[in-house]
Amino acid sequence: MTRYPMFSPQLLISFVAVCETSSFTRAADRVSLSQSTISQQIRRLEELLGKALLERTSHEVRLTEEGIKLLSYARRIIALNEEAHDALTGPWRDGVLRLGMPEDLTVPTIDLLAEFKREHPHLRLDVSSGLSRELHRAYLLEELDLVLVKQVRVHLPRAARAEPLLWFDSEKYPAIEQSPVPIAVFPVNGLYREELCETLEGLGLRWRVGYSSGGLAALAAASAAGLGVSLLPASCRLQGHRVLGTAEGLPPIENFELALFYRDTASPLALDLAERLISFCGLKHH
C-alpha cells in the first residue's frame, strides 16, 4: 500500500499562523516559538510536498497557489485534531456538533440553541453564521455537520420552505428614479445579487453598487435610507421601505428557499436539533 507523508499538526499550526499574520515574526509570537523555528517548519513542509508554499520578500509574505490549496486543508486537519481530542479526552463525551446558519437567523434561534445546549451539557455545539453559499461549501467539505441556508432550488435538502423576496427601495429617497440606479447588495457571489443585476439589465437600466455588505440587516437599512434598491427576504421589510414591483417592471422572484442539510450519518443529537429547527422555521421534510 502506498504511504503518503504525514503532516505534523505543529507544522500546520505554524503554517496557518504565518498565512494569517503575513509575518514570520508575528506567527512566532502567536505560537510561542522562535522565528527561526517557524522558518524551519515551513521549509520542512515545502520539502515534504516538493513545492514552494510561500513567496517571501523583505516586506511581506504571500501564498503561492500551492500554499492557498494547503491552507484550506491545514485548517480542516487542525480543527479535526482538536475535535478528536475534545471528544475523547475532554468534557465533550457526546461529541461535537457543528451548525451553520445565515446571520439573520442567529438571533431568532438563540433561545432554541441555548435550550438545546443546556439539555446536552456534554455536547460541544459550535455555531457559525455567514453567507449561505459559503456555509453550503463548508458543509460539502465536511467542515459543518448541519446547515440552514438560503438557496435557489438546486441542491436537494432534507427540509425546506419557500423564501419570499421583495424589491425594496426608500419611501422618502427612492433610488429607482436615479440613473444609474444605485443598488444595495451582498458582495460578489452573494445571494440575490445576480438576480437583481440581471433584472435591471433586462429592463435596460444602468446600475452601480451604492452599498455592499455581508449583513442582511445592514442591506435592509441601507435600502430604506435611500442608498440603493435591494432584493431581500420579505421578513427584512422596515418602516422606511417602499416595495417595488410590476409597476416598475420588476418581476416576482419565487425560486428561493430556506433549506436544511444534514447527512445520512448524522448523529441522534444532530437529528434532534434538525427537528427543532424544522419546527421553528416552518420547514417541510423532503
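Summarised in this report is the structure supplied together with it. (Residues numbered from 1 in each chain as written. Predicted model: local features only at pLDDT ≥ 70, side-chain atom pairs only at ≥ 80, totals over all residues. Heavy atoms only, no water.)

## Digging into the pattern of salt bridges
- Within this structure, the stated rule accounts for 14 salt bridges.
- Between Arg 30 and Glu 20 there is a salt bridge, with the nearest N and O atoms lying 2.5 Å from each other. Residue Arg 30 is located in helix H2 (residues 24-31), and its partner Glu 20 is located in helix H1 (residues 9-21); the two are separated by 10 residues in the primary sequence.
- For Glu 20, a relative accessible area of 41% translates into the label partly exposed.
- Across the salt bridge formed by Arg 98 and Asp 145, the nearest N and O atoms sit 2.9 Å from each other. (Salt bridge = Lys/Arg side-chain N within 4 Å of Asp/Glu carboxyl O. Helix = DSSP H or I, 4+ residues; strand = E, 2+ residues; numbered from the N terminus. Buried < 20%, exposed > 50% of the residue type's maximum accessible area, 1.4 Å probe, protein only.)

## What about the nonpolar core?
- Among the nonpolar cores identified, the biggest contains 27 residues, and Trp 167, Tyr 192, Leu 196, Val 229, Leu 231 and Leu 232 are the most heavily contacted of them.
- With sequence-adjacent residues up to four places away left out, Leu 232 is seen in contact with Pro 164, Leu 165, Leu 166, Phe 168, Tyr 192, Leu 216, Leu 219 and Ala 220.
- Listed in part, the 24 residues of the second largest apolar core include Leu 97, Phe 116, Ala 270 and Cys 281. (Core = buried A, V, L, I, M, F, W, Y, C linked by side-chain atoms within 4.5 Å. Contact = heavy atoms within 4.5 Å.)

## Section: the sheet that holds strand E11 (residues 241-244)
- Taken in spatial order, the three strands of this open sheet run E10-E7-E11, and their pairing is antiparallel. Bordering the open sheet on either side are strand E10 (230-233) and E11, each of which pairs with just one other strand. With direction set aside, neighbouring strand axes in the sheet form an average angle of 50°.
- Its contacts with the sheet place helix H9 (residues 216-225) against strand E7 (165-170), E10 and E11, and it is angled at close to 130° to E10. (Pairing = 2+ DSSP bridges. Axes fitted to C-alpha atoms, helices over the stretch in contact; angles between N-to-C directions.)

## Section: helix H8 (residues 193-202)
- Residues Arg 193, Glu 195, Leu 196, Cys 197, Thr 199 and Leu 200 constitute the buried set of H8.
- Looking at the buried side of H8, the elements it contacts are strand E5 (146-152), E7, strand E8 (181-185), strand E9 (207-212), E10 and strand E12 (256-262).
- Positive phi shows up at Gly 204, right after H8, with a value of about 75°.

## Observations concerning the pairing of strand E6 (residues 159-162)
- Judged from the four bridges that link them, E6 and E12 form a sheet pairing that is antiparallel. Within E12, the residue paired with Ala 162 across the bridge is Glu 257.
- Direction of pairing for E6 relative to strand E13 (residues 284-285): antiparallel, over a ladder of two bridges. Paired with Ala 160 across the two strands is Lys 284, which belongs to E13.

## Looking at the environment of Glu 46
- Topologically, Glu 46 is positioned in helix H3 (residues 35-49).
- With relative accessibility at 14%, the residue Glu 46 sits in the buried group.
- Each residue touching Glu 46, except ones within four places of it in the same chain, is listed here: Lys 51, Ala 52, Leu 53, Leu 54 and Arg 56.
- At a separation of 3.5 Å, a polar atom in the side chain of Glu 46 contacts the main-chain amide nitrogen of Leu 54. (Polar contact = N/O pair within 3.5 Å; in protein donor to acceptor, adjacent residues only side chain to side chain.)

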